[in-house]
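As a plain string of letters, each chain reads:
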Amino acid sequence: MKRICSLFLTLIMIMSLCLSASAAAESSLPTIDQSKTGSLTIYKYDLTSAQADGLTDQVYLSTGQANDEAAAAFAPYAIPGVEFTYLRVGAIDTYTVSDGTTNTIQVIYGVEDDDLLSALGLTTSDRVTVKDGVSYYASDTLIDALSDRLSSNNTSTKDALEALISENDAAVSMSLTDSTGKTSVSGLELGLYLVVETSVPENVTYTVDPFFVSVPMTDTQTLNRWFYDVTVYPKNQTGNPTLEKEVADTAHGLSFSDASEGYEDVATVSDNDLVNYRILSTLPSVHSAATYLTQYTFVDTLSKGLEYNEGDVKICWYRDYADALADYSAATENSEAVNGGNADATWEYGSEFFSVSYGTASEDATTMTVELTAAGLKEVNTPASSDDQEGKYSCWTMVIYYNATVHADEAVTYGDDGNPNEVTLTWSRTTDGYYDTLEDEAIVYSYGIDLTKVLSEGGTDFSSVQFVLQNTSNDTGAYYVVASAAESGVYYVTGGTDLERDATCLSPDSDGRLRIYGLEEDTYVLTEVQTASGYTLLKDSITIVISTDYTSGGACGSLTASATVDGNEVDMESDGDSANALVPLTVLNSRGFDLPQTGGAGTLVTTVCGGLLTAAMVALAIFTLRRKKSA
């Protein structure tokens, strides 16, 4: 009996060990262990001093995990006495949505504070779902919302978030950073946290940008586990400038989108259009000689489909970013476009404060370099008066306006590949040899029509066929298309006219093919004004609508074109490697009805027969009359 009990106990122990091993195996799976808590450790360093000594943190990847090498390198630049406050924003969850055939599963984050949502500019339309009254968002949405707010108005956004977190009873202030620049907290409930720098000593000029922290985080090195102890090495980002490049077809109005939206990262244009670009950059803070800017240079690159209007450049200055965004008027049927009319200050082309030079790049691209001169940098850095503690244009937004013209030839890329236009900002302070760069992009798109003319019964003479094309939906009013012929049956748009008689008559080649390049997103009416001999003109004009759909992503997103012909969807053709470039359609003319020709044989026979009949009737009448007299 004792042996049986002993064996039984042994069996239980073995089963227990197996269960323990199984549990350990399950806990090693790359899923969040809800039974755990997390920790947050923050190291605060004087990045300005570190960079002045030639040390840069660009070689240290921020992963959320402790980095002993980075900690050792930055140890001499630790800042004590800094306070960080954290607020648990909400829980981490998983969301599944089914479209009937597939399930899409993603990680989502709850945001319980409506004031935070308002500060981030998020609405219910941005959320993925709602659970128990709490809105849940994708991480991309939260990251972009915070980034956009900080980029558009860094100071007011930080002020709003600092006030929000200081007034929230659920927010917790961490202990001040010690002599090593370190502060930490443990036992954190799993979830998403907002961290704000709420108090700094007198030697810190700016607080760092508020940031989100997920506890736990995915290990970006192994990509197969979650870790619960997060370490952050924040740096001062408020000293960095911003960079945006935008485009608008102001020559033809802002037809790509609602005119109230104005400039966009992408636009559609017609060949030979005057396209207006603007480059926006909010300058970094300039508070003392140590922070003075020593370089501020923009290198802009246009793809070969566009050409700079040399000398057509000006720089406008604005105290507020929002004012810079709004300072334009779109071209309409009754007025031309105006840009920079309400600027707080304007530097015209030829000013001593900036220089402009033009050059070339690879693949037949052209470049324009706009550089602040020594006089311009002095104007930016020097306080406006002795009472000011900042440079004259510290944290102001500058806007570079310039124009370019779309080529009317094969240099333009038609279709979804578009014509990209990049800009790079290189800037530096007084630190010898240190500089940083920012990049942005805008893209313009153009399209065309590929028409095939067919004559019934195998007709092949297209020499008399002609069409005219009218844009009926442009913001500046309807116009007839003027185009130049590059070769037989191939036309590139060069402009427009109000009068039909001045429109270009577009003729197909000897095979009946007609291609019209250089059309923007709009509604067009194609009218056949002359056809081949013996064939019938179309009864009605043809309505062609070119539309685009915007997809976000990358530097500026992209447009995908689609089209309808007389209300029917068509599959747009590629032009080379560029998809959705040309709207295809076929125009079939049938023969006209045959009629007897004037002076032809049929008419002659009728005339002769009629004359003979008349003569016979006259002879019969005379014969009858004579018989009566003789009787």
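No experiment lies behind these values; they were computed from the predicted model shown.

1. Describing the overall build of the chain
A tally of helices and strands in the chain yields nine helices and 37 strands. Sorting the 631 residues of the chain into buried and exposed places 43% on the buried side. Looking at the chain alone, contacts between residues at least 24 apart form 70% of all its contacts between residues at least 6 apart. When the accessible surface of the chain is split by element, carbon and sulfur atoms take 50% of a total near 32,200 Å².

2. Describing helix α8 (residues 374–381)
Regarding α8, the residues found buried are Gly376, Leu377, Val380 and Asn381. Buried residues in α8, looked at end-on, bunch into an arc of 130°, giving them a common side. With respect to the buried face of α8, the exposed residues turned more than 90 degrees away are Ala374 and Lys378.

3. Thoughts on the sheet that holds strand β27 (residues 447–455)
Read across the sheet, eleven strands follow the order β35-β34-β33-β32-β28-β29-β30-β31-β27-β37-β36 without closing on themselves; strand pairing throughout is mixed. Edge positions in the open sheet fall to β35 (568–570) and β36 (573–575), since each of these has one partner strand only. Neighbouring strand axes in the sheet, compared pairwise and without regard to direction, differ in orientation by 35° on average. Pairing analysis gives four bridges linking strand β32 (residues 523–530) to strand β33 (residues 542–551), with the strands arranged antiparallel. When the bridges of β33 are listed, valine 525 appears paired with threonine 543.

4. Remarks on the pattern of salt bridges
All told, the structure shown has ten salt bridges when counted by the stated rule. We note a salt bridge from glutamate 379 to lysine 392, for which the minimum N-O separation is 2.7 Å. Residue glutamate 379 is located in helix α8, and its partner lysine 392 is located in the loop between α8 and β24 (397–406); the two are separated by 13 residues in the primary sequence. By relative accessible area, glutamate 379 is classed as partly exposed at 21%. The exposure class assigned to lysine 392 is partly exposed, which follows from its relative accessible area of 31%. Across the pair arginine 513 and aspartate 450 runs a salt bridge, and its minimum N-O distance is 2.8 Å. On the criterion of sequence distance, the pair formed by arginine 513 in strand β31 (residues 513–519) and aspartate 450 in strand β27 is long-range, its members being 63 residues apart. The class for arginine 513 is partly exposed, based on a relative accessible area of 32%.

5. Brief notes about the nonpolar core
Formed by 46 residues in total, the largest nonpolar core has its most connected members in Tyr277, Tyr296, Phe298 and Trp317. Those residues within four positions of tryptophan 317 in sequence are excluded, and the remaining contacts are Leu283, Ala343, Asp344, Ala345, Trp347, Val380, Tyr393, Trp396, Thr397 and Met398. Grouped together as the second largest cluster of nonpolar side chains are 36 residues, Leu526, Tyr535, Ile544 and Ile546 included.

6. Observations concerning the packing of aromatic side chains
All told, the structure shown has 18 aromatic pairs when counted by the stated rule. Consider the rings of tyrosine 263 and tyrosine 328, whose centres lie 5.6 Å apart with planes at 90°: the pair is edge-to-face. Of this pair, tyrosine 263 sits in the loop between β14 (244–248) and β15 (266–268) while tyrosine 328 sits in strand β19 (residues 328–329); the two residues are 65 residues apart in sequence, bridging distant segments of the chain. Neither tyrosine 263 nor tyrosine 328 differs from the other in exposure class; each is buried. Joined through ring pairs, the aromatic side chains of Trp317, Trp347, Phe353, Tyr393 and Trp396 make up one cluster. Taking NZ or CZ as reference, lysine 245 lies 4.8 Å from the ring centre of tyrosine 277, over its face.

7. Quick word on the sheet that holds strand β5 (residues 129–131)
Reading across the sheet, the four strands line up as β3-β4-β6-β5 and stay open at both edges, with antiparallel pairing between neighbours. Each end of this open sheet is capped by a strand with a single partner; those strands are β3 (92–98) and β5. Ignoring which end each strand starts from, the neighbouring axes of this sheet average 45° apart. The pairing of β5 with strand β6 (residues 134–137) spans three bridges and is classified as antiparallel. Residue valine 130 lies in a different strand from β6, and its bridge partner there is serine 135.

8. A word on the pairing of β14
Where a strand is regular, its side chains alternate between the two sheet faces. Counting buried residues in β14 gives four out of five residues, a clear majority hidden from the surface. As judged from the five bridges shared by β14 and strand β16 (residues 274–282), these two strands associate in the antiparallel manner. What sits directly across from glutamate 246, in β16, is arginine 278.

9. Remarks on unusual backbone geometry
That bond from valine 215 to proline 216 is cis: its omega, 5°, falls within 30 degrees of zero. Its identity is not glycine, yet aspartate 364 carries a phi of approximately 65°, on the positive side. Tracing the chain through its elements places aspartate 364 in the loop between β22 (354–360) and β23 (366–372). Of the residues examined, aspartate 364 reaches a relative accessible area of 60% and is grouped as exposed. Not every positive phi belongs to a glycine, and cysteine 395 is a case in point at roughly 65°. We classify cysteine 395 as partly exposed; its relative accessible area is 30%.

10. Points about the side chain of serine 214
Turning to its location among the elements, serine 214 is positioned in strand β10 (residues 211–215). Given a relative accessible area of 13%, serine 214 falls into the buried group. For serine 214, the side chain forms a polar contact with the main-chain oxygen of proline 216, separated by 2.7 Å. With sequence-adjacent residues up to four places away left out, serine 214 is seen in contact with Ile92, Tyr109, Gly191, Leu192 and Val230.

11. A short note on the side chain of threonine 369
One can find threonine 369 in strand β23. Look at threonine 369 and you get buried, because its relative accessible area is 19%.

12. A look at helix α5 (residues 139–152)
For α5, spanning 14 residues, the distance from its first C-alpha to its last is 20 Å, which sits close to the expected 20 Å at 1.5 Å a residue. Taken residue by residue, α5 has Leu142, Ala145, Leu146 and Leu150 as its buried positions. Projected down its long axis, α5 carries its buried residues within an arc of 120°, all on one side.

13. Remarks on the confidence of the model for the chain
With 80% of its residues at a pLDDT of 70 or more, the chain shows a mean pLDDT of 83. Long-range and interchain partners of residues 256–260, a stretch whose pLDDT sits below 50, account for twelve contacts in this model, where long-range means more than four residues apart. When the criterion is pLDDT under 50, residues 602–609 qualifies, and its contacts beyond four places in sequence or with other chains add up to one contact.

14. A word on the environment of threonine 476
Counting through the fold element by element, threonine 476 comes out in the loop between β28 (466–471) and β29 (479–487). Remark: the alpha-carbon pair of threonine 476 and threonine 332, spanning 144 residues in sequence, is separated by 4.3 Å. Looking at threonine 476, its side chain comes within polar contact range of the side chain of asparagine 474, at 2.8 Å.

15. Considerations on the environment of methionine 368
Tracing the sequence through the fold places methionine 368 in strand β23. Look past the residues within four positions of methionine 368 in its chain and what remains in contact with it is Phe298, Val299, Asp300, Tyr308, Val313, Val356, Ser357, Tyr358 and Tyr402.

About the criteria used
Residues numbered from 1 in each chain as written. Predicted model: local features only at pLDDT ≥ 70, side-chain atom pairs only at ≥ 80, totals over all residues. Heavy atoms only, no water. Helix = DSSP H or I, 4+ residues; strand = E, 2+ residues; numbered from the N terminus. Buried < 20%, exposed > 50% of the residue type's maximum accessible area, 1.4 Å probe, protein only. Contact = heavy atoms within 4.5 Å. Areas by Shrake-Rupley, 256 points an atom, 1.4 Å probe, with all protein chains shown as cover. Arc of directions from axis to C-beta. Pairing = 2+ DSSP bridges. Axes fitted to C-alpha atoms, helices over the stretch in contact; angles between N-to-C directions. Salt bridge = Lys/Arg side-chain N within 4 Å of Asp/Glu carboxyl O. Core = buried A, V, L, I, M, F, W, Y, C linked by side-chain atoms within 4.5 Å. Phe/Tyr/Trp six-rings, centres within 6.5 Å; stacked < 30°, edge-to-face > 60°. Lys NZ or Arg CZ within 6 Å of the ring centre and 35° of its normal. Polar contact = N/O pair within 3.5 Å; in protein donor to acceptor, adjacent residues only side chain to side chain. Expected span 1.5 Å × (residues − 1). pLDDT = per-residue confidence, 0-100.

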